[in-house]
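# Coordinate inspection notes
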Amino acid sequence: MSDHIKNENVNVKKRMMFSAEDDYYYFAYNAIIFLKTLGYTSEKQRLYEWSKLNYLIPFLSNHALFSIMASNIAMDTKASPIDRNHLKETYLKSRLRLNWSGSLFYALQQKGILSMSRNETRKSFDVWLCNENLPKEFSSSELFRMERDHSNQIRSMFSHIRTMKTDTLLDEMYRKRGVHIWEG
């Protein structure tokens, strides 16, 4: 079976298992995959400002959306009108999801899956994964290969993603692509 057909089969499985728009489990899986893939697994190697995850996660699981961002960042251009609409919709949904994603991260902290610490300087919370509380099979599953690949590519696009301020990330992802946002 070709890789393309295998990838399509995996994507069909994910669509059957999760409602990608507002599924707590899918969001949690993607947050865990991002933190694990990029090695944010200790307080010393934490992701500053958890809210960045809220804006990045839609790009992990949607290859078309990821391609829009990647190509526009690579060329350092504004997005086409159609792509701008996709980016604007993604931004708005991410912005509206901030409250429930914060509650979700708190619940994951209570379960020991991740840890958070208050960052007084940035008036936010930093986050890292508690690797020891995850099943070994979790990180090796082929089901989330695309999300791991996209996580690594995001690190390449934003070399200081770990310490980057949320507002700076939003500048790169949205403002410079011609999307008007109300952050910052």
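Described below are features of the structure shown in this document. Bear in mind that the values here come from a model prediction, so they are computed numbers and not experimental data. (Residues numbered from 1 in each chain as written. Predicted model: local features only at pLDDT ≥ 70, side-chain atom pairs only at ≥ 80, totals over all residues. Heavy atoms only, no water.)

### Some details on the pattern of salt bridges
Note the threshold: Think of a salt bridge as a Lys or Arg side-chain nitrogen and an Asp or Glu carboxyl oxygen that are within 4 Å of each other. Secondary structure follows DSSP: runs of H or I at least 4 residues long count as helices, runs of E at least 2 residues long count as strands, and numbering of each begins at the N terminus. A 1.4 Å probe rolled over the protein chains alone gives each residue an accessible area, and that area as a share of the maximum for its type sets the label: buried under 20%, exposed over 50%, partly exposed in between.
Evaluated as defined, the whole model comprises 9 salt bridges. Residues Asp 126 and Arg 46 are paired through a salt bridge, measuring 2.8 Å at the closest nitrogen-oxygen approach. In this pair, Asp 126 is assigned in strand 2 (residues 124-129) and Arg 46 in the loop between helix 2 (24-37) and helix 3 (51-61), connecting sequence segments 80 residues apart. We classify Asp 126 as buried; its relative accessible area is 1%. Given the relative accessible area of 18%, Arg 46 is considered buried. Notably, a salt bridge pairs Arg 177 with Glu 172, separated by 3.7 Å at the nearest N-O pair. The buried category is assigned to Arg 177, whose relative accessible area is 1%. Among the charged side chains, a salt-bridge network with shared partners connects Asp 76, Glu 172, Lys 176 and Arg 177.

### Some remarks on the packing of helix 3 against helix 9 (residues 166-173)
Keep this limit in mind: An axis is simply a line fitted to the C-alpha atoms; with a helix, the fit covers only the stretch in contact. Between two such axes, the angle follows the N-to-C directions and lies from 0 to 180 degrees. Oblique is the label for any angle not under 35 degrees, not over 145, and not in the 65 to 115 range, which are roughly parallel, roughly antiparallel and roughly perpendicular in turn. Should the near helix be turned anticlockwise from the far one by less than a right angle, the crossing is termed left-handed; should it be turned clockwise, right-handed. Contact definition: two residues touch when any of their heavy atoms are within 4.5 Å. Amino acids outside the nonpolar list (Ala, Val, Leu, Ile, Met, Phe, Trp, Tyr, Cys, Pro) and the charged list (Asp, Glu, Lys, Arg) are all regarded as polar, and Gly is one of them.
As a packed pair, helix 3 and helix 9 sit with axes 9 Å apart at the nearest point and diverge in direction by 25 degrees. Considering their axes alone, helix 3 and helix 9 lie roughly parallel with respect to each other. Like other packed secondary-structure pairs, helix 3 and helix 9 cross with a definite hand, here left-handed. On helix 9, the residues that touch Ser 51, Lys 52, Tyr 55, Leu 56 and Phe 59 of helix 3 are Thr 166, Leu 169, Leu 170 and Met 173. Counted by class, the contact of helix 3 with helix 9 contains 6 nonpolar, 2 polar and 1 charged residues.

### Quick word on the pairing of strand 1 (residues 114-119)
Strand residues, when the strand is regular, have side chains that alternate between the two faces of the sheet. Under the convention used in this document: At least two DSSP bridges between two strands are needed for those strands to be called paired.
Extensive coverage of strand 1 is indicated by the burial of 5 of its 6 residues. In the sheet, strand 1 pairs with strand 2 via 6 bridges, with the strands oriented antiparallel. Following the sheet pairing, Ser 117 is matched in strand 2 by Asp 126. Remark: 4 residues form the turn of the hairpin made by strand 1 and strand 2, two consecutive strands paired antiparallel; Lys 123 in that turn has positive phi of roughly 55 degrees.

### Things to note about unusual backbone geometry
At Asp 76, a residue that is not glycine, the phi angle is positive and equals roughly 50 degrees. Structurally, Asp 76 can be placed in the loop between helix 4 (63-75) and helix 5 (81-96). One non-glycine residue, Lys 123, adopts positive backbone phi at about 55 degrees. Secondary-structure assignment places Lys 123 in the loop between strand 1 and strand 2. In this structure Lys 123 comes out as exposed when scored by relative accessible area, which is 63%.

### Some remarks on helix 5
What counts, and what does not: Helix span is expected to be 1.5 Å times the residue number reduced by one. For this quantity, the arc is that covered by the directions from the helix axis to the C-beta atoms.
With 16 residues, helix 5 ought to run about 22 Å at 1.5 Å a step, and its terminal C-alpha atoms sit 22 Å apart, in line with that. All buried positions along helix 5 are accounted for by Leu 87, Thr 90, Tyr 91 and Ser 94. Summarising the axial view, the buried residues of helix 5 lie within an arc of 100 degrees, below the 170-degree limit, and thus occupy one face. Opposite the buried face of helix 5, by more than 90 degrees, sit the exposed residues Pro 81, Ile 82, Asn 85 and Leu 96. Where the residues of helix 5 are buried, they touch helix 3, helix 4, helix 6 (98-110) and helix 9.

### Examining the nonpolar core
Heads up, the condition is: Buried residues of nine kinds, namely Ala, Val, Leu, Ile, Met, Phe, Trp, Tyr and Cys, make up a nonpolar core once their side-chain atoms join them within 4.5 Å.
Core analysis: the biggest nonpolar cluster contains 50 residues, and Phe 34, Leu 53, Phe 105, Ile 154, Phe 158, Ile 161 and Tyr 174 have the highest contact counts within it. Of all the secondary-structure elements, those providing two or more residues to this core are helix 2, helix 3, helix 4, helix 5, helix 6, strand 1, strand 2 and helix 9. A per-element tally of this core places helix 2 first, with 8 residues. Ignoring any residue separated from it by four or fewer positions in sequence, one finds Leu 53 in contact with Ala 31, Phe 34, Leu 35, Leu 47, Phe 105 and Val 127.

### A few points about helix 9
Of all the residues in helix 9, the buried ones are Thr 166, Leu 169, Leu 170 and Met 173. Take helix 9 and look down its axis: the buried residues cluster within an arc of 100 degrees, on one side only. Contacts made by the buried residues of helix 9 are with helix 3, helix 4 and helix 5.

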